[in-house]
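Residues per chain, in single letters:
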Amino acid sequence: MINLLQQYLPNVFSLGWSGDAGWGTAIFQTLFMTFWSAIFGGFLGLIFGVILVLTEEGGILANKFWYNLADKIVSIFRAIPFVILLAFIAPVTQKIVGTQIGIKAALVPLTLGVFPFYARQVQVALKGIDPGKIEAALSLGATTKDIIFEIYLKEARSELIRVSTVTVISLIGLTAMAGAIGAGGLGNTAISYGYNRFNNDVTLVATILVIILIFITQVVGDLLANKFNHQVR
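Conventions used here
- Residues numbered from 1 in each chain as written.
- Predicted model: local features only at pLDDT ≥ 70, side-chain atom pairs only at ≥ 80, totals over all residues.
- Heavy atoms only, no water.
- UniProt positions renumbered as here; feature names shortened; annotations may be inferred.
- 1 Å grid on protein atoms, 1.4 Å probe; cavity = no way out; pocket = protein on both sides within 12 Å on 5 of 7 lines; lining within 4 Å.
- Points joined across faces, edges and corners; volume = space filled by probe spheres on them.
- Helix = DSSP H or I, 4+ residues; strand = E, 2+ residues; numbered from the N terminus.
- Nonpolar A, V, L, I, M, F, W, Y, C, P; charged D, E, K, R; others polar.

As recorded in an unreviewed UniProt entry, the chain goes by ABC transporter permease and comes from Lactobacillus jensenii. In its Subcellular location (unreviewed entry) section, the UniProt record describing the chain reads: "Cell membrane". Of the comments in the UniProt record for the chain, the one headed Sequence similarities (unreviewed entry) reads "Belongs to the binding-protein-dependent transport system permease family. CysTW subfamily."

And the structure:
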């Protein structure tokens, strides 16, 4: 097996598994950035998505000011291309993590880059809830907390899993661009050690690994969404 790698994928083999340029390191960096950015960005996105639904016209906490504020924040961050966002918030990144480069520094722009996308996805998912269920809960004396957790988030959990899957897949793509600030990852390996050095085998393997990660994410997401969809029914 090793001989075959050396013969047909010499540049892939030369990178090794460990070390700064190793495949194991690149995979870990991609998973690290994806996981933590999904946690932080998902949390922010969920909060903004819920606020948008609650404060919109006809919502249970209808408030034009707070709706417009949340809507503008989401729209502005969603409109900024990720590469520009990397440079734009560099001073903020410096304040938060103490550096503008590296894997930890990438978490800040990745979080801010993914949360508006997820917020819109959450907004659409929650708006799909039957208004009759909300009205019935309110008539029975349900509190805002009850509506959020027992109606919106519980009833829409299957759809929320689906949109979360789409968001994570999008996030995996964003990690490729995070290499611009020295964050590493499979995207950086494909460009820095593959494309820029005309090592097509490195680019090919890095691309295949990214596709595998996306495929696994999609399969797991679909399984969970179907499971919770059946439970709701």
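Structure's up, so let's keep going.
1. So, the layout of surface pockets
There is about 520 Å³ of room inside the largest pocket. Every residue lining the largest pocket is counted, 22 residues in all, and those nearest its centre are Tyr118, Leu160, Ser164, Thr165 and Val168. Listing elements by their share of the lining of the largest pocket, those giving two or more residues are helix 3 (23-55), helix 7 (103-127), helix 10 (157-177) and helix 12 (200-232). Sort the elements by how many residues they give to the lining of the largest pocket and helix 3 lands first, with eight residues. Here the lining of the largest pocket is composed, by residue class, of twelve nonpolar, nine polar and one charged. Contributing to the lining of the second largest pocket are 13 residues, with Glu56, Gly58, Pro131, Ile134 and Tyr152 lying nearest its centre. If you list the elements that add at least two residues to the lining of the second largest pocket, you get helix 7 and helix 8 (131-139). With three residues, helix 8 is the largest single contributor of residues to the lining of the second largest pocket. Partitioned by chemical class, the residues of the lining of the second largest pocket number seven nonpolar, two polar and four charged.

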